[in-house]
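This is what each chain is made of:
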Amino acid sequence: MSDFPKIKRMGEGAVLVEFEPEISPEILEKVVKLKKFLQEKLIKQKVEVISAYNSLIINYLLCIEDVYNEVCALLEEFSGANIDEIIESELFHVPVCYDDVFGLDLGEISKAKNLSEKEIIRLHSSVDYLVYFTGFLPGFLYLGGLPKKLHFSRRSHPRKKVRKGAVGIGEKQTGIYPQTSPGGWNIIGNSPVKLFDPGADKPCKISAGDRLRFYQVDLEEHQRILELVKRGEFSIKSEKL
Amino acid sequence: MMAQVEIIQPGLYSSIQDLGRYGYRGFGVPTSGAMDRQAAKLANLLLKNEPEAALLEITLQGPKMAFFGAAKIAITGARLSPELDGVELENNQVVNVLPGQVLGFGKRKSGYRAYLAIKGGFQTGKVLGSRSWYAGVTPNSRLEKGMKLPFLETEPESVSRFSSVKVDEHIASVVVEALPGPEFELLQPSEKEALQKWRFSAAKESNRMGIQFQEKLENKLEAILTGPVLPGTVQLTPSGTLIALMRDGQTTGGYPRILQLTETGINTLVQKLPGEKFGIKLLEYSQFKK
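Treat the numbers as computed from the prediction; the structure is a model and nothing was measured.

**Remarks on the overall build of chain B**
Alright, step 1. Looking only at helices and strands, chain B has four helices and 20 strands in total.
Alright, step 2. Across its three principal directions, the C-alpha atoms of chain B cover 60 × 40 × 40 Å.
Alright, step 3. The buried share of chain B, reckoned over its 290 residues, is 58%.
Alright, step 4. Across chain B, contacts joining residues at least 24 apart in sequence account for 75% of those joining residues at least 6 apart.
Alright, step 5. Surface accessibility of chain B: about 12000 Å² in total, with carbon and sulfur atoms responsible for 51%.
Alright, step 6. Side chains of chain B carry 34 positive and 29 negative charges; the gap between the two charge centres is 1 Å.

This is how it looks when you write it as structure tokens:
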């Protein structure tokens, strides 16, 4: 019998559910299915379900009742339900400009890895990344699937200001800074798209379980898209998987 | 009729807050809202406002502001010597303000964060269901000189005084309540004991995102796979620093989550000045079961 999922109380009104501690598409699938199940079951209550790589928090906002037993009962029901439906997901195509203006650390990675900048760009935009969750900052996507050749340690001195849209590499991860913030990742480009829109009902279109692929655009196209984004006339191309 | 308050001096750090932004943590959006929810709720209660009415959270040094319109206000939380046209006001009471009057603050007497509520609530814009200011989500993040905060004008009427007995005991309390966090059991017995025996204090680097403790714990725990965190989650960093995540704190983190402060624990902690000592009272989950 597996020890997982583990269920732990977390403060007065929240419960943490943990699956095996690993980053894998199989674990993510369990997390996303459980999240969807819980959200549907708890729709009438003021409850937030927040997920990461292998775990979820079920956060009850109003009651200090015995939330632990309620979550245990729901998990029981979930494991008995034998859900085999396929969760719908989408592939999003995200433009990135890798021009020197933006790709501040391309040269350094190129030297250290003995890869041409062209090859770095080709590799970075050659795979479909899996979206594990959103965290850290509004709209910051945790992506898995960075080609091994591009794994590169974080900068020893983080930058105080990384510009909005910066695309970076940190260890095994790659991602886009949704807003200007401090950051320690190596910056290789910039994406003009809006990943977080506080004016929309669903402020992020891309969520856990979706896939994302980068495609290269030149400086001119980057500027053109940026203008369209400002006018609210650009939407990220996507297709159902 | 819509009237407004104009900011003459912004003070140290003030922002519009309510009870927070719910349902968006999954998008990486912090909950935000009043750091001391108990004091904020009391301020709105005094004015018979909705509990989620927007108010002004004031840190240590209050702003100076002019009222263009009649208002009813209430100030709770830290005692920061508020005065209306030079006449000192008490906390926890309803005060009539006439058009043209100026509200200012003076010396701190107790606590760290005060709340200024206004009848009907400040009518600043709502984003994702909340008026709480947070950079990156709302256009403003802190009070600045010349800003105008809209409110609904009210008729002056007889005011009531609220007995302040017991309503804000948490402000003076030096005991911060906590429950074990998900990684608490991984700590050494000596570390568990230190958590409960030591006196801690907030470091200067503390803010609405997190309160960092000055005293360091020995840390032998490894990082965890990044997981969800909540306001009140206390993380232990590799260098042994304890960081209590607050209302504007990030939504996920990779440091061991050794404690989870109770709501009362959070409300108490946010009223402590940097350097002011407090202890941690570890509760058991059985105390919360019905």
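From this point, things continue past the structure.
**Considering the overall build of chain A**
Alright, step 1. Tallying secondary structure elements over chain A gives five helices and 14 strands in all.
Alright, step 2. Against the 2.2 N^0.38 benchmark of 18 Å for 241 residues, chain A shows a C-alpha radius of gyration of 20 Å, consistent with a compact globule.
Alright, step 3. Taken along the three principal axes of its C-alpha coordinates, chain A extends 55 × 40 × 35 Å.
Alright, step 4. For chain A, with 241 residues in total, the buried portion stands at 52%.
Alright, step 5. Summed over all atoms, the accessible surface of chain A reaches about 12100 Å², with 49% contributed by carbon and sulfur.
Alright, step 6. Averaging the positions of the 34 positive and the 35 negative side-chain charges in chain A gives two centres separated by 5 Å.

**Some points on the layout of surface pockets**
Alright, step 1. Computed from the structure, the largest pocket encloses a volume of approximately 1600 Å³.
Alright, step 2. In terms of lining, the largest pocket is formed by 49 residues, of which the most central are Phe136, Tyr142 and Arg154 of chain A together with Gln250 and Gly254 of chain B.
Alright, step 3. For the lining of the largest pocket, the secondary-structure elements that each account for two or more residues are strand S7 (141-144) and strand S11 (181-183) of chain A together with strand S14 (210-212), strand S17 (242-245) and strand S18 (252-253) of chain B.
Alright, step 4. Tallied by class, residues from the lining of the largest pocket come to 23 nonpolar, 20 polar and six charged.

**Some thoughts on unusual backbone geometry**
Residues and elements named next belong to chain A.
Alright, step 1. Of the consecutive residues Phe4 and Pro5, the connecting peptide bond is found in the cis state with omega at -5 degrees.
Alright, step 2. Here Pro5 lies in the segment before strand S1 (6-9).
Alright, step 3. Within the chain, Asn114 stands out as a residue other than glycine whose phi angle is a positive 55 degrees.
Alright, step 4. Looking at where Asn114 falls in the secondary structure, it is placed in the loop between helix H3 (106-113) and helix H4 (117-124).
Alright, step 5. Overall, the relative accessible area of 71% leaves Asn114 in the exposed class.
Alright, step 6. The residue Phe136 is not glycine, and still its phi comes out positive at about 70 degrees.
Alright, step 7. In this structure, Phe136 sits in the loop between strand S6 (129-134) and S7.

**So, the interface of chain B and chain A**
Alright, step 1. Chain B puts 38 residues into the contact, and the matching count from chain A is 42 residues.
Alright, step 2. Counting the surface lost from both chain B and chain A, the interface buries some 3100 Å², and carbon and sulfur atoms represent 66% of this.
Alright, step 3. Considering only the surface of chain B that becomes buried against chain A, Phe27, Leu225 and Pro228 of chain B emerge as the three largest contributors, covering 21% of it.
Alright, step 4. Seen at the junction of chain B and chain A, the total is one salt bridge.
Alright, step 5. Glu18 of chain A serves as the salt-bridge partner of Arg257 of chain B, at 3.4 Å between the closest nitrogen and oxygen.
Alright, step 6. Every element with two or more residues in the side of chain B that touches chain A is listed here: strand S12 (175-180), strand S15 (227-228) and strand S19 (257-261) of chain B.
Alright, step 7. In terms of residue class, the side of chain B that touches chain A is built from 19 nonpolar, twelve polar and seven charged.

**Quick look at the sheet that holds S1 of chain A**
Residues and elements named next belong to chain A.
Alright, step 1. Taken in spatial order, the four strands of this open sheet run S1-S2-S4-S3, and their pairing is antiparallel. The outermost strands of the open sheet, each flanked by one partner alone, are S1 and strand S3 (47-51). Adjacent strand axes in the sheet meet at a mean angle of 15 degrees when their direction is disregarded.
Alright, step 2. Judged from the four bridges that link them, S1 and strand S2 (residues 14-18) form a sheet pairing that is antiparallel. From the neighbouring strand, Ile7 faces S2, where its bridge partner is Val17.
Alright, step 3. Packed onto the sheet, helix H2 (residues 67-81) meets S1, S2 and strand S4 (55-60) and runs at close to 35 degrees relative to S2.

**Overview of the packing of H3 of chain A against H4 of chain A**
Two numbers describe a pair of packed helices, the interaxial angle and the distance between the axes.
Residues and elements named next belong to chain A.
Alright, step 1. The geometry of H3 relative to H4 is characterised by a closest axis approach of 9 Å and an angle of 100 degrees between their N-to-C directions. As the angle between them shows, H3 and H4 are arranged roughly perpendicular. Across the interface between the two elements, Leu106, Gly107, Ile109 and Ser110 from H3 touch Glu117, Ile120 and Ile121 from H4.
Alright, step 2. Its residues assigned to classes, the contact of H3 with H4 shows four nonpolar, two polar and one charged.

**Some words on the pairing of S12 of chain B**
Residues and elements named next belong to chain B.
Alright, step 1. Sheet topology note: the S12/strand S20 (residues 277-282) ladder contains four bridges and is parallel. Within the sheet, the bridge partner assigned to Val176 lies in S20 and is Ile280.
Alright, step 2. Here S12 runs beside S19; their pairing, made up of three bridges, is antiparallel. Bridge pairing in S19 links Leu179 to Gln260.

**What to know about the pairing of S3 of chain A**
Residue and element names in this part refer to chain A.
Alright, step 1. The element S3 is largely enclosed, with a buried count of five among its five residues.
Alright, step 2. Both faces of S3 are covered, namely the face carrying Val47, Val49 and Ser51 and the face carrying Glu48 and Ile50.
Alright, step 3. Pairing of S3 with S4 involves five bridges; the strand directions are antiparallel. Among the inter-strand pairings, Glu48 is bridged to a residue of S4, identified as Asn59.
Alright, step 4. With antiparallel pairing between neighbouring strands as the criterion, S3 and S4 make up a hairpin whose turn holds three residues.

The rules behind each value
Residues numbered from 1 in each chain as written. Chains lettered and ligands numbered in written order. Predicted model: local features only at pLDDT ≥ 70, side-chain atom pairs only at ≥ 80, totals over all residues. Heavy atoms only, no water. Helix = DSSP H or I, 4+ residues; strand = E, 2+ residues; numbered from the N terminus. Buried < 20%, exposed > 50% of the residue type's maximum accessible area, 1.4 Å probe, protein only. Contact = heavy atoms within 4.5 Å. Areas by Shrake-Rupley, 256 points an atom, 1.4 Å probe, with all protein chains shown as cover. Lys, Arg positive; Asp, Glu negative; His and termini not counted. Charge placed at Lys NZ, Arg CZ, Asp CG, Glu CD. Rg over C-alpha atoms; globule rule 2.2 N^0.38 Å. 1 Å grid on protein atoms, 1.4 Å probe; cavity = no way out; pocket = protein on both sides within 12 Å on 5 of 7 lines; lining within 4 Å. Points joined across faces, edges and corners; volume = space filled by probe spheres on them. Nonpolar A, V, L, I, M, F, W, Y, C, P; charged D, E, K, R; others polar. Buried area = accessible area lost by both parts, 1.4 Å probe. Salt bridge = Lys/Arg side-chain N within 4 Å of Asp/Glu carboxyl O. Pairing = 2+ DSSP bridges. Axes fitted to C-alpha atoms, helices over the stretch in contact; angles between N-to-C directions. Parallel < 35°, antiparallel > 145°, perpendicular 65-115°, else oblique.

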